[in-house]
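# Analysis of the macromolecular model
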Amino acid sequence: MKRIALIPLSVLLTVLSLSCCSADSDTGGSDRPLAPTGLRAEIAGVTSIRLNWTATDPSSEGCLIERSFDAGAWSLIATVGSGTESYLDRSLADEGTYAYRLCNFRGSDRSDYATVECAFTKKLIAPTDLQASMTTEGLMLTWSDRCEGEEGYLVTRQRNDGEVENWKFLKADSESVVDAEAEYGLYEYAVMAYSGTLRSEAATVSYERYAAPQVALGKVETSWYMASAAIDLRNDGGEACRTGICWSETGTPTLEDHVYEYAGEVCTSEPSFGNAIGLDYGRSYNLRGWASNREGTSYTSTVTVQLAAAPEPLVPQWEEVTGYGFPDEVRLYRTSTSITGGNVNAWYAVADLSTGAVELRTTKASKLTRPTDFITQSMADEEVYVMVNGGYFAPNGDSYSYVRDRGTQQASNIRAVTRTRSYTITRGALGVDASQRPSLWWIYDDAGTTLAYDRPLPVVDGCQALTPSRTNPTQAVVWSDNYSGVGGAPVLVRDGRLCFDYLKTAQSTYKSNYEMLQNDIFADGLRAPRTAIGYRPDGRMVLMVVDGRNAGGSRGVTLDELARLMMGVGCDNVLNLDGGGSSMICVTNDGRLLNSPSDGSQRAVLTFVGFVKKR
């Protein structure tokens, strides 16, 4: 703070012998000093008011400063030297209105008064001129200390969108601090004076610095479905990065080649991964990881990957079941096999829908109903050949799965599920058009419009949520020609290839569980009762039910074993339906149950899929 000029003792004695003059006083003569001008008062701290003015008379010997509190008596509080233009009144104890008057003097002559009032409250004054600059020591903050009586300065810090932290408490009168930890990113600082719980207004400053990310490949794994690589983001360059992998058959892959982008941006050391799907069996591919921010894209070194061998179809000895009066277009088969390493009982029915004699029927009951009861009571006007349980449902009777019955939609696939967080999802659906030509898609209900995709939205539990659209995950098709169809999950096989595996993230969630199924449905090694629907390349439709949980002596199958059984009967497109105690297969209008449900009896379910005589 500026020091006050000292007054010679002889002059001070003269001043003290003078009586205070009023604004209207006239000491006579034309040699009166000129009065100070531009007098201003401002609170300077918890016990201080700062006065500033313009010294107009260089010939004066000094300036008298008087003070009054709440319209009380005036008292002389200071005498300052000629040319002085500021004074700090540090002795304030009470809040209220302080009035000040100043006059210049020369000998016994006084100028007129300059007066000002200030409503004083105990507050702290914010620092000014806050600046940030990078030095060899780190990011230096500097400011001007404008406060009096503060206990010290508090500096808060925020990096990017992180939490605001009380970073530093500094001593009183501080005017700089160095952040040696500041590297890349957006840093925002606030500096304020404090005294106890009292704070001044904050002075703020931001500093930005970015660099291209530094990235390396972590663990690389392959399965029959994909090659997957962990991404090691060693430095994000100052902001959250997009990450993923890219691959090509020859040369060094870039973002111009095949690309997988991880769902969500990540920062330094946060886990992410990339999945290379659609690779051909037996062929080698070059793969690199990548990370991008505003400064550009960085790549990892290149590795060569090759898919694991495609799982072989399972072809047990199937025995045709006859005696139910089926037309030539419908055949029923049964097996009791140990081809999966333990005893499994299974049934499948196949129907030729191309002759116009048989159609696929997919329908929903008005409430949860046992299959036999539904067939005998609600299908009495149909000629039923084979019927199995359909998609997923809630205990209260709400459907989680799509149903369209002869051109009328009765239910939609569930749009979102909650796992570690809420996720919007696509799930599978298989249907036929009015001519009974089949198709299999991942679908999403967009305000009543069924959008169909040739691959799923790649959401993974524990990763950032995504939202389907007409262009995400691929260009959508409006599934308007579907006549009858059923939803389920997951899609097991599409165009002859298994659509999932059991590779896991660092958080032990499945990387390809894009349809967000629970662990009692989707898990490595989980054998359970299962139901599936699929079709062969010639369009023939297949329904399969496998007993499990030792019902009837059958241990059940895993999802991949179910897929391989369906492939073994010729299917190149397969959808998993509800399983467990819901898995049931019935025949004829009597609703005769063929399998052994794991509940010990028929479970009441909501949706049904079957072959019936075409209307």
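I will try to describe carefully the structure that is included in this document. For every chain, the first residue of the written sequence is number 1, and numbering continues from 1 along that sequence. In keeping with the model being predicted, local features are shown solely for residues with a pLDDT of at least 70 and side-chain atom pairs are shown and tallied solely at 80 or more, while totals for entire chains, interfaces and linings include all residues. As a rule here, side-chain values come from all non-hydrogen atoms in the structure, and water together with hydrogens is ignored.

### Section: the overall build of the protein chain
Threshold: For the purposes of this entry, the term helix denotes a DSSP run of H or I that reaches at least four residues, the term strand denotes a run of E that reaches at least two, and both are numbered from the N terminus. Only C-alpha atoms enter the radius of gyration, while the globule expectation follows 2.2 Å times N to the 0.38, with N the number of residues. Buried residues are those whose accessible area, probed at 1.4 Å on protein chains only, stays under 20% of the maximum for their type, while exposed residues exceed 50% and partly exposed ones sit between those limits. Two residues form a contact once any of their heavy atoms are found within 4.5 Å. Per-residue accessibility takes into account occlusion by the displayed protein chains alone, with areas from the Shrake-Rupley method and a 1.4 Å probe.
Of regular secondary structure, the protein chain possesses 3 helices and 46 strands. A compact globule built from 615 residues would reach a C-alpha radius of gyration of about 25 Å, whereas the protein chain, at 41 Å, exceeds it by more than 25%. Oriented by its inertia axes, the alpha-carbon framework of the protein chain measures out at about 135 × 55 × 40 Å. Burial analysis of the protein chain (615 residues in total) assigns 54% to the buried set. A separation of at least 24 residues holds for 67% of the contacts in the protein chain among residues at least 6 apart in sequence. Roughly 26300 Å² of accessible area belongs to the protein chain as shown, and the carbon and sulfur atoms make up 44% of that amount.

### What to know about the nonpolar core
So the rule is basically this: In this text, buried Ala, Val, Leu, Ile, Met, Phe, Trp, Tyr and Cys residues form a nonpolar core when linked through side-chain atoms within 4.5 Å.
Counting residues in each nonpolar core, the largest one holds 60 residues, and the members touching the most others are I245, W247, L287, Y348, L492, M544 and V546. The greatest single-element share of this core, amounting to 6 residues, is contributed by helix 3 (residues 559–568). With 39 residues, the next largest nonpolar core counts L92, Y100, L130 and L141 among its residues.

### Describing helix 3
Because an α-helix completes one turn every 3.6 residues, residues spaced three or four positions apart along the sequence face the same direction. Counted residue by residue, helix 3 has 9 buried out of 10 residues, so it is predominantly covered. On the buried face of helix 3, the contacting elements are strand 39 (491–494), strand 40 (497–498), strand 41 (530–535), strand 42 (541–546) and strand 43 (573–576). One or two positions beyond helix 3, positive phi appears at G570, with a value near 100 degrees.

### As for the pattern of salt bridges
Cut-off, in case you're wondering: One speaks of a salt bridge when a side-chain nitrogen belonging to Lys or Arg is within 4 Å of a carboxyl oxygen belonging to Asp or Glu.
Taken as a whole and judged by the stated rule, the model has 34 salt bridges. A salt bridge links E42 to R146; its shortest N-O distance comes to 3.9 Å. A residue pair is termed long-range when its members are at least 10 positions apart, and E42 in strand 1 (residues 37–45) and R146 in the loop between strand 10 (138–144) and strand 11 (152–159) qualify at 104 residues. Its relative accessible area of 35% is what places E42 among the partly exposed residues. In this structure, the salt-bridge partner of R603 is D599, at a minimum N-O distance of 2.8 Å. Assessed through its relative accessible area of 42%, D599 is described here as partly exposed. Here the residues in one salt-bridge network are E359, R361, D381, E382, D405, R406 and R615, joined through shared partners.

### Things to note about the state of the cysteines
Quick reminder of the rule: Count a disulfide wherever a pair of cysteine sulfur atoms falls within 2.5 Å.
Tallied over the entire structure, the rule returns 0 disulfides. We note that C63 lacks a disulfide partner, and the nearest cysteine sulfur, in C103, lies 6.5 Å from it. C267 provides the cysteine sulfur closest to C463, a residue in no disulfide bond, and the two sulfurs are 14 Å apart. Assessed through its relative accessible area of 3%, C463 is described here as buried.

### Concerning the sheet that holds strand 37 (residues 477–478)
Just so we agree on the cut-off: The pairing criterion for strands is at least two bridges between them, as found by DSSP.
The 7 strands are arranged 31-30-38-34-35-36-37 in an open sheet whose pairing can be described as antiparallel. Each end of this open sheet is capped by a strand with a single partner; those strands are strand 31 (408–411) and strand 37.

### Some remarks on the side chain of T335
Note the cut-off: For the purposes of these results, a polar contact is taken to be a pair of N or O atoms within 3.5 Å, where, inside protein, one atom must be able to donate a hydrogen and its partner to accept one; residues adjacent in sequence count only when each atom of the pair is a side-chain atom.
The residue T335 is located in strand 26 (residues 330–337) in this model. There is a polar contact of 2.8 Å between the side chain of T335 and the backbone oxygen of Q317. Every residue in contact with T335, bar those within four places of it in the chain, is listed here: P316, Q317, W318, V344, N345 and A346.

### Details of the sheet that holds strand 29 (residues 384–389)
Overall, antiparallel pairing links the 5 strands, which are arranged 28-46-29-44-45 in an open sheet. The open sheet has two edge strands, strand 28 (358–369) and strand 45 (592–593), and neither has a second partner. Across 5 bridges, strand 29 lies against strand 46 (residues 605–613) in antiparallel orientation. Paired with N389 across the two strands is F608, which belongs to strand 46.

### What to know about helix 2 (residues 371–378)
Put simply, the rule reads: The arc under discussion is defined with respect to the helix axis, by the directions toward the C-beta atoms.
Taken residue by residue, helix 2 has P371, T372, F374 and I375 as its buried positions. Angular distribution of buried residues about the axis of helix 2 spans 165 degrees; they occupy a single face of the element. The inward-facing, buried residues of helix 2 contact strand 28, strand 29, strand 44 (585–587) and strand 46.

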